[in-house]
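# Results of the structural survey
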Amino acid sequence: MNYRISTKIAMAFVAALLMTGCATKAPMDSSAYKASRPRSILVLPPLNNSPDVSATYSVMSFVTKPLSEAGYYVMPVGMVAQAFKENGLTQPADMHQTAPVKLREIFGADAALYITVTKFGSTYTVVNSETLVRVEGKLMDLKSGAILWQGAAQASSAEAQQQQQGGIAGLLIAAIIKQVMASTFDESHKYSGVATERLLAPGVPHNGLLYGPRSPNFGKD
């Protein structure tokens, strides 16, 4: 699939749904984050715990934008992939197991972002269908190994669904239409953009990433 094209389409979709949901709302202790104040972030290819093999690179395609807009330098994806390959690491699971000190030695980044995709895809019942993407993330200081931030977010087609009218026949027709739309237009990829943006958007009360040093809001959160 051409993710460059589909990502542009999906980002337009993100704006419409972004404000309808947010990341996990548990209060976060940001003292270690504020003490570390990372300037550069290494994004590891996400772990995929869903059955859909496209989940890792779908989510990965949306990560750089919110981090850059938050004020961080993000290590270029192509360079990161090549460096991992040169070090004999080709699978996300192996990359996630690499010691923080080793990652810092290879890339020189201040922190690493670890993402896990726990839900990705569409499910169907007789009278309904839902496309759901859920992601979890944590930011680790590569000098100390301390966890600076962690959170989770999701996006679902159920958020935009309105109560259907017209009895059982109407529900069946709506379910068929949604199933065809999900198959044809890759709904999961669109919702991965929404979920990733929600996860990484800075300034979200109680759980958002802090603004980075390249942002005019740096130090205000």
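As the structure is a computational prediction, the values presented were derived from the model and not from experiment.

## Quick notes on the overall build of the protein chain
- Secondary structure summary: the protein chain contains nine helices and six strands in total.
- For the protein chain, long-range pairs separated by at least 24 residues make up 74% of all intrachain contacts whose partners lie at least 6 apart in sequence.
- When the accessible area of the protein chain is evaluated, it comes to approximately 11,200 Å², of which 57% is carbon and sulfur surface.

## Focus on the environment of arginine 198
- Relative to the helices and strands, arginine 198 resides in helix α9 (residues 187-200).
- Along the chain, arginine 198 and alanine 152 lie 46 residues apart, while their C-alpha atoms are 8.6 Å from each other.

## Some thoughts on helix α5 (residues 77-86)
- For α5, the full list of buried residues reads Val80, Ala83 and Phe84. Angularly, the buried residues of α5 cover 100° about the axis, an arc narrow enough to put them on a single face. Turned more than 90 degrees off the buried face of α5, the exposed positions are Gly78, Lys85 and Glu86.
- Among the structural elements, β1 (40-43), α6 (92-97) and α7 (100-107) are those in contact with the buried residues of α5.

## With respect to the environment of leucine 139
- For leucine 139, the position within the fold is in strand β5 (residues 129-141).
- Separated by 12 residues in sequence, leucine 139 and glycine 151 place their C-alpha atoms 9.3 Å apart.
- Look past the residues within four positions of leucine 139 in its chain and what remains in contact with it is Tyr33, Pro38, Ile41, Ala111, Ala112, Leu113, Ala146, Ile147, Leu148, Trp149 and Leu209.

## Points about the pattern of salt bridges
- One pass over the full model with this rule turns up five salt bridges.
- With its nearest N and O atoms 3.6 Å apart, the salt bridge here joins aspartate 110 to arginine 104.
- Arginine 104 gets classed as partly exposed once you look at its relative accessible area, which sits at 29%.
- With a closest N to O distance of 2.8 Å, lysine 190 and glutamate 187 form a salt bridge. With lysine 190 and glutamate 187 both in helix α9, this residue pair falls three residues apart, about one helical turn.

## Considerations on the pairing of β1
- Here β1 shows a buried face lined by Ser40 and Leu42 and a second buried face lined by Ile41 and Val43.
- Two strands pair when backbone bridges link them, and β1 and strand β3 (residues 73-74) are joined in this way by two bridges, in the parallel orientation. When the bridges of β3 are listed, serine 40 appears paired with tyrosine 73.
- Pairing analysis gives three bridges linking β1 to strand β4 (residues 111-124), with the strands arranged parallel. Paired with leucine 42 across the bridge in β4 is alanine 112.

## Examining the confidence of the model for the protein chain
- Predicted confidence across the protein chain gives a mean pLDDT of 82, with 73% of residues reaching 70 or more.
- Every residue in residues 13-24 is under pLDDT 50, and counting partners more than four places away or in other chains gives 26 contacts.
- Per-residue pLDDT stays below 50 along residues 162-166; that stretch engages in three contacts with residues further than four places along the chain or on separate chains.

## Thoughts on the packing of aromatic side chains
- On inspection of all chains with the given rule, the structure shows one aromatic pair.
- For the cation-ring pair, lysine 138 lies above tyrosine 114, with the distance from its terminal atom to the ring centre recorded as 5.4 Å.

## Observations concerning the nonpolar core
- Leu67, Leu113 and Leu139 are the most contacted members of the largest nonpolar core, which has 30 residues in total.
- Those elements that provide at least two residues to this core are β1, α3 (55-60), β4, β5, β6 (147-156) and α9.
- Listed in part, the 15 residues of the second largest apolar core include Leu42, Met75, Met95 and Leu142.

The rules behind these values
Chains are numbered independently. Their residues run from 1 in the order of the written sequence. Where totals are concerned, whole chains, interfaces and linings use all residues; where local detail is concerned, this predicted model gives features only for residues with pLDDT of at least 70, and gives and counts side-chain atom pairs only at 80 or more. Working from all heavy atoms in the structure, the side-chain values ignore hydrogens and water. In this description a helix means any DSSP run of H or I spanning at least four residues, a strand means any run of E spanning at least two, and both kinds are numbered starting from the N terminus. What makes two residues a contact is simply this: any of their non-hydrogen atoms within 4.5 Å. Each accessible area value is a Shrake-Rupley result obtained with a 1.4 Å probe; residue values ignore everything except the protein chains displayed when judging cover. Relative accessibility decides the category of a residue: with a 1.4 Å probe and only protein chains considered, values under 20% of the type maximum give buried, values over 50% give exposed, and everything between is partly exposed. Picture the helix axis, draw a direction to every C-beta atom, and the arc is the one those directions span. Only one rule defines a salt bridge in this text: a Lys or Arg side-chain nitrogen within 4 Å of an Asp or Glu carboxyl oxygen. Between any two strands, at least two bridges found by DSSP are needed for them to pair. The score called pLDDT rates the predictor's confidence residue by residue, from a low of 0 to a high of 100. Centres within 6.5 Å are what make two rings of Phe, Tyr or Trp a pair, Trp counting through its six-membered ring; a difference in plane orientation under 30 degrees is then read as stacked, over 60 as edge-to-face, and the rest as tilted. Placement of a positive charge over a ring is assigned whenever Lys NZ or Arg CZ falls within 6 Å of the ring centre and within 35 degrees of the normal to the ring plane. The criterion is simple. A nonpolar core is a set of buried Ala, Val, Leu, Ile, Met, Phe, Trp, Tyr and Cys residues joined through side-chain atoms within 4.5 Å.

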